[in-house]
Amino acid sequence: MSIFEESIKELQKNNVLVVLSHCGSEWQKTFVAQLAEGLPAVDFADPVVRDQAVNYTTTFVQALPKPAVLYNLQLAAQLVPILAKEDVPKGSYLAITDQGYYLEEPLAEAQVPWVELPLKLDGAKPFVPGVVPQSSKRDLLAAIVQGELFAQCAQSGADRKQFYASYCKDILQRKIMEQTTVSDDIKFYRFLGVAASLTGTVVNYSNLAGGVGITAPTAKQWLQFLVGAGVVYLVQPLTDVPGKRLMKAPKLYFRDVGLAAYLLQINDPLALTQSFYLKNLFDNYVVNVIREGYLQKGEVPKLSFYQDSNYKKISLIVEAEGKLYPVLITKEEFSVRKTLKAFELLAGYGAEHGAELDAGCIIGMGKEPELLEQGLYYLPAECL
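Bear in mind the structure is a predicted one, so any value in this text is a computation, not a measurement. Along each chain, the written sequence defines residue order, and numbers are assigned to residues from 1. Only residues with pLDDT of at least 70 get local features here, since the model is predicted, and only at 80 or more are side-chain atom pairs given and counted; chain-wide, interface and lining totals rely on the full set of residues. Derived side-chain values reflect all non-hydrogen atoms in the structure, with water molecules and hydrogen atoms excluded from consideration.

So, the environment of Glu382
Labels follow the DSSP assignment, with helices taken as runs of H or I lasting at least four residues and strands as runs of E lasting at least two, numbered in each case from the N terminus. By secondary structure assignment, the location of Glu382 is in the segment after β14 (376–380). Only protein chains enter the accessibility calculation, which uses a 1.4 Å probe; a residue is then buried when its area is under 20% of its type maximum, exposed when over 50%, and partly exposed in between. Glu382 sits in the buried class, given a relative accessible area of 14%. Here the alpha-carbon distance between Glu382 and Lys341, two residues 41 residues apart in the chain, equals 26 Å.

Structural notes on the sheet that holds strand β3 (residues 68–71)
Should DSSP find at least two bridges between two strands, the strands are regarded as paired. Read from one edge to the other, the open sheet built from five strands follows the order β2-β3-β4-β1-β5, with strand pairing classed as parallel. If you trace the sheet from one side to the other, it starts and ends with β2 (41–43) and β5 (114–116), each paired once. Strand-to-strand, the axes of this sheet are offset by a mean angle of 20°, without reference to chain direction. In terms of strand pairing, strand β1 (residues 17–21) meets β5 through three bridges, oriented parallel. Residue pairing in the sheet places Ser21 in a bridge with Glu116 of β5. Throughout, a residue-residue contact means that at least one pair of heavy atoms, one from each residue, lies within 4.5 Å. A fitted line through C-alpha atoms represents every axis, and for helices the fit uses only the stretch in contact; the resulting angles, taken between N-to-C directions, go from 0 to 180 degrees. The strands touched by helix α2 (residues 26–36) within the sheet are β1, β3 and β4 (93–97), with β3 carrying the most contacts at an inclination of about 140°.

Notes on the pattern of salt bridges
Every case where a carboxyl oxygen of Asp or Glu lies within 4 Å of a side-chain nitrogen of Lys or Arg is listed as a salt bridge. All chains considered together, the criterion is met by 15 salt bridges. The partner of Glu368 in a salt bridge is Lys137, and the shortest N-O contact between them spans 2.6 Å. One end of the pair, Glu368, is in the loop between β12 (360–364) and β13 (370–373); the other, Lys137, is in the loop between β5 and α7 (140–146), with 231 residues separating them in the sequence. In this structure Lys137 comes out as partly exposed when scored by relative accessible area, which is 42%. Between Asp170 and Arg174 there is a salt bridge, with the nearest N and O atoms lying 2.8 Å from each other. Linking Asp170 with Arg174, this pair stays in helix α9 (residues 160–177), spanning four residues, or about one helical turn. Classification of Asp170 as partly exposed rests on a relative accessible area of 23%. On the accessibility criterion, Arg174 (32% relative accessible area) is partly exposed. The structure contains a network of salt bridges with shared partners spanning Glu116, Arg255, Arg291 and Glu292.

Comments concerning the packing of aromatic side chains
Any two aromatic rings considered together are summarised by their centre-to-centre distance and by the angle between their planes. Put simply, two rings from Phe, Tyr or Trp (the six-membered ring, in Trp's case) pair if the centres are within 6.5 Å, and we call them stacked under 30 degrees between planes, edge-to-face over 60, tilted for the rest. Overall, the coordinates contain 18 aromatic pairs when judged by the stated rule. Ring geometry for Phe44 and Phe60: centres 5.9 Å apart, planes at 55°, overall tilted. One end of the pair, Phe44, is in the loop between β2 and α3 (47–55); the other, Phe60, is in helix α4 (residues 57–63), with 16 residues separating them in the sequence. Ring geometry for Phe191 against Trp222: centres 5.5 Å apart, planes inclined by 90°, an arrangement best described as edge-to-face. With a gap of 31 residues between them, Phe191 in helix α10 (residues 185–197) and Trp222 in helix α12 (residues 216–228) connect regions that are remote in the sequence. By way of ring pairs, the aromatic residues Phe150, Phe163, Tyr164, Tyr167 and Tyr262 are connected into one cluster. Counting as a charge over the ring demands two things of the Lys NZ or Arg CZ atom: a distance within 6 Å of the ring centre and an angle within 35 degrees of the ring normal. When the ring centre of Tyr233 is taken as origin, the NZ or CZ atom of Arg291, which lies over that ring, is 4.0 Å away. A cation over an aromatic ring shows up here: Lys367 above the ring of Tyr378, its NZ or CZ 5.8 Å from the ring centre.

Right, dumping it as structure tokens:
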């Protein structure tokens, strides 16, 4: 049994309700099917079931089989506090969701564990600067264009364009139109495309809205719908650090960089090398790989970034086990001195928050892994 599977079993031992969030990778589908095998299933997408749950809550909950798998719990989010506090054996309910927007608040209030499933389980270990993964180098450009979701079904002879076209249709119809307040699928598809053009960058809701013809508040809500569907995630800035005019908006990342490439009509490595969006997609790819390594361990990593008006920036800050690992992600030439100076900004923050500033890393394209200076490593993204 993997560390990830053990972490879920441990959560079930200590909680009546555990929620798993997935975005539709082949591994996730198989994993959920294995967990649910042999258990009674209750699906709130069924209007009859949902009507009973909403209008006859007490009798509905009492009649639920235990243990049971609950699908689409977000459609009956008002049940969360009742299920979580029910006087039944631990591990009675395992809920599966692919749109967590309406669950975030009730799950937090009821202190229900919410596990984001990794895209795959391949034994990847959490990122630590200076530790080079024991694997062969990847074809980086091909990996970015292909994407992890498509890679898992590519051997079946699937066509990449058809795969992502079908995936976008699923996002629009089942995860957005059926489960949220969005009513214009054409506008939302355009919104997906604009979001892809901004991946790896700090979110500007006015720019995001302007490209679609909606208001900034609507753009913010629609982006949260995508977060809830597991299509994108946001990395928040570190703001309680001494600095001049710190960036306070989050960065946007696509969970699957191949989907972003598809939406930007980048369909092969050559097109990627010539694309204006190479930097964005490269940044997205690196952050995804680091994040997935922690998800495979059963942890949602604490990630942040730093950026100020003096052009000092730290692309990614990984906080794990009481240590801070600063990362600069760049496909360009870099200055070791300036990078170290930027990383040192975290020393005071770490001291105040009980976290030690540890080794930093520059992740680029090409070259070999190298110790640049004491406490600063270089690692090519091909080795991640």
